[in-house]
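Here is what each chain is made of, one letter per residue.
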Amino acid sequence: MLSIKNLQARIEEKEILKGINLDIKPGEVHAIMGPNGSGKSTLASVLAGRADYEVTGGEVEFNGKNLFELSPEDRSREGLFLAFQYPVEIPGVSTTNFIKTAVNEIRKYRGEEPMDAVQFLKKMKEKMKLVEIDQSLLSRSLNEGFSGGEKKRNEIFQMAMLEPTLAILDETDSGLDIDALRIVAEGVNKLRDGNRSFLVITHYQRLLDYIVPDHVHVLYKGRIVKSGGKELALELEERGYDFIKEELGESVEA
Amino acid sequence: MSELKELIQNKYNNEAFDGNGSLQSLSQKGIQLFNDQGIPTVKHEEWKYTRIANVLNKDFSYAVNATAVTKADVDDVRLPGNESANELVFINGIYHAELSTVRSSADELVIVPLSEAAKGEYKAVVDANLGHSANYHPDGINAMNNAFAYQGLFVAVKKNKTVEHPLYCYYINDARSNSVLSQPRTLIHVGVNAEVFLVEEEITIGSSDSFTNRVSEIIVEENANVHIYKIQNEDSHSSCVKTTHVRQVGVSKVNSVTLTLNGGTIRNNLNFILEAPGCESHMYGLYCVKGETHVDNHTIVDNVMPNSFSNELYKGIIDENATGVFNGKIFVRQDAQKTNAYQSNKNVLLSDTANVNTKPQLEIFADDVKCSHGCTVGRLDEEALFYLRARGVGEKAAKALLLHAFAGEILDKIELEPIRKYADVIISERLGFEF
């Protein structure tokens, strides 16, 4: 599904990713944890194709294709989805219109007929239930004036509509209260179908109580320094990131 | 330029107005000022960015009596919604009743030549208002129109009447056989408690050059509600200076939307004189231009009395070698306490050779007012573009979606559905927006 080999990337002159290796198989949920500044969001951005980052080495294969030969839109059309940490507000474009455009652009790419209004509405209603999102919210300008929770729910709603094969959740838990977190996580869990894979990026273990990962990786200074099962997340929660630094033989500031 | 002076002077001599009163004196003052000042060059502060003299330096004919335009020609240029509109047709600057369709009854809507209105029931209105715009535009262009204002049209919306059929004004230039200079002139009086929609479009038939120098003066009485929509979508050989001068003499509300979609050199002067306490004025503009089009929006809001509110938002999408100019003046006179005046000009440049000059200008003589202004010039928001692309929307479609939304904020202010849709179709096609 996704195979990352020795991935290196920088923004401007700053090296951020210094050789990432990661394999995600169909149906797996991987969590990437790490302290601030470790490169978590950079990894998400590089995979989605954000222009600010320059890939300086390594390769990424996604469903048999070289990811870096694909434009951001083609990555999406090939089945990659990034749930943004900070969803962008776009005045004047309603979520409904936007998602309809996106769905049909993806269908066109795959050589399918555009969805008619009836099919589309039916699908919308079905997916709205999934994330407990209201029609009135979707008629409004995309994310404009939405609360943090509404924005993140909207991201998961879009994910449900686009039905990706790999979804990357970039700190989806940030800025959410416990109720919103639960709704978002339940939405994600309903989309786990044994084939769809997830890469969950988070600073806190909290989200992983709800979205239980198969594998947990610790990202530190641009490298994956430790991998394990879901119990690794609990250990991090208990002991903080300092124990990773200790294991690496770094001195820990008091 | 001497050719233009000769053309104007000859016409003035040959067709000299033989009436008297305010029309005659305005005409005389006009020709005098025109001869003194000539057409403003870029040395004139108000014309710094717009080379109108160059555009006028051509061999124009100024023949108002050319009537080769037929009903069929008019049919070709009608705007959507015309089946329920009053349609006023001007050919080469002169109102033609036989080509026009007036659906409203005479107890709602009065349409008579200015020369007639100046003698009858509306004499006082004409005397007090005709030529008022010259106070704000003491230049040769305004004067050139004044010289022939007596050939203009007077429109009155009677008090307590809501005119159900919007007024569509077509200013048609017949440039099929030669280049045409035209100078339409209207004086519109909207009575107490009346409401009316005005839709105005310049149209050139034929492929020769045209230049329209139009002056519309509008008087808005107490509790009246006026909507003014202007559309400019001509070829590059058609240029114009349009002056819309609105006097809100009673507490009233006016909405204006100015759309510039294509043309040669286009100057829109829009003045709001808020002469009664508590007036409300909304001024919106959208210029979506490319090629060599030059569009210049000069606006004035003059707050004379207290407690008025004005809001101004002009947006530009400028592509290829096109140029946008925005100059927004707000005056707050000493008596105009508690004025609220807002102004904003936002531009998106789509090419390296697109150009914009934007200048807010506030002159405030009262001490208890709220005024704000701001302008932006930039490119599309990269973060928004990436967001859309990351959801599978192609780059071209994503740009179109964002630009359409940008323009939509202005189009949404048009309350006449057929006109809003018409403008939306043009803008969507221009931006490659097909959703």
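Here's what I pulled together on the structure shown here. (Residues numbered from 1 in each chain as written. Chains lettered and ligands numbered in written order. Predicted model: local features only at pLDDT ≥ 70, side-chain atom pairs only at ≥ 80, totals over all residues.)

### Observations regarding the overall build of chain B
Right, on to step 1. Across its full length, chain B carries ten helices and 20 strands.
Right, on to step 2. A compact globule built from 435 residues should have a C-alpha radius of gyration of about 22 Å, and chain B, at 21 Å, falls within 12% of that.
Right, on to step 3. With the C-alpha coordinates aligned to their principal axes, the bounding extent of chain B is approximately 70 × 55 × 45 Å.
Right, on to step 4. Pairs at least 24 apart in sequence give 85% of the contacts found in chain B among residues at least 6 apart. (Helix = DSSP H or I, 4+ residues; strand = E, 2+ residues; numbered from the N terminus. Rg over C-alpha atoms; globule rule 2.2 N^0.38 Å. Contact = placed C-beta atoms within 7 Å.)

### Brief notes about the overall build of chain A
Right, on to step 1. Within chain A one finds ten helices and twelve strands.
Right, on to step 2. Taken against the 2.2 N^0.38 rule, which gives 18 Å for 254 residues, the C-alpha radius of gyration of chain A at 18 Å falls within 12% of a compact globule.
Right, on to step 3. The principal-axis extents of the C-alpha atoms in chain A amount to approximately 60 × 40 × 35 Å.
Right, on to step 4. Going through the 254 residues of chain A one by one, you find that 41% of them count as buried.
Right, on to step 5. A separation threshold of at least 6 residues defines the contact pool for chain A, and within that pool the share at least 24 residues apart is 71%. (Buried ≥ 20, exposed ≤ 12 C-beta atoms within 10 Å, placed from the backbone.)

### A closer look at the sheet that holds strand E12 (residues 253–262) of chain B
Residue and element names in this part refer to chain B.
Right, on to step 1. If you walk across this open sheet you meet the ten strands as E2-E1-E5-E8-E10-E12-E14-E16-E18-E20, and the pairing is mixed. Edge positions in the open sheet fall to strand E2 (94–95) and strand E20 (370–378), since each of these has one partner strand only.
Right, on to step 2. Here eight bridges tie strand E8 (residues 195–205) to strand E10 (residues 225–233), and the two strands are oriented parallel to one another. Along E10, the bridge assignment pairs Glu202 with Gln232. (Pairing = 2+ DSSP bridges.)

### Some details on the packing of helix H9 (residues 395–411) of chain B against helix H10 (residues 417–431) of chain B
Packed helix pairs are characterised by how far apart their axes lie and by the angle those axes make with each other.
Residue and element names in this part refer to chain B.
Right, on to step 1. As a packed pair, H9 and H10 sit with axes 10 Å apart at the nearest point and diverge in direction by 155°. Here H9 is positioned roughly antiparallel relative to H10, judged by the angle of their axes. Read as a crossing pair, H9 and H10 show a hand that is right-handed. Residues Ala400, Leu403, His404, Ala407 and Leu411 of H9 form the contact with H10, whose participating residues are Arg420, Ala423, Asp424, Ile427, Ser428 and Leu431.
Right, on to step 2. For the contact of H9 with H10, a count of residues per class yields seven nonpolar, two polar and two charged. (Axes fitted to C-alpha atoms, helices over the stretch in contact; angles between N-to-C directions. Parallel < 35°, antiparallel > 145°, perpendicular 65-115°, else oblique. Left-handed = near helix turned anticlockwise from the far one by under 90°. Nonpolar A, V, L, I, M, F, W, Y, C, P; charged D, E, K, R; others polar.)

Any link to function would need more than the numbers given here.
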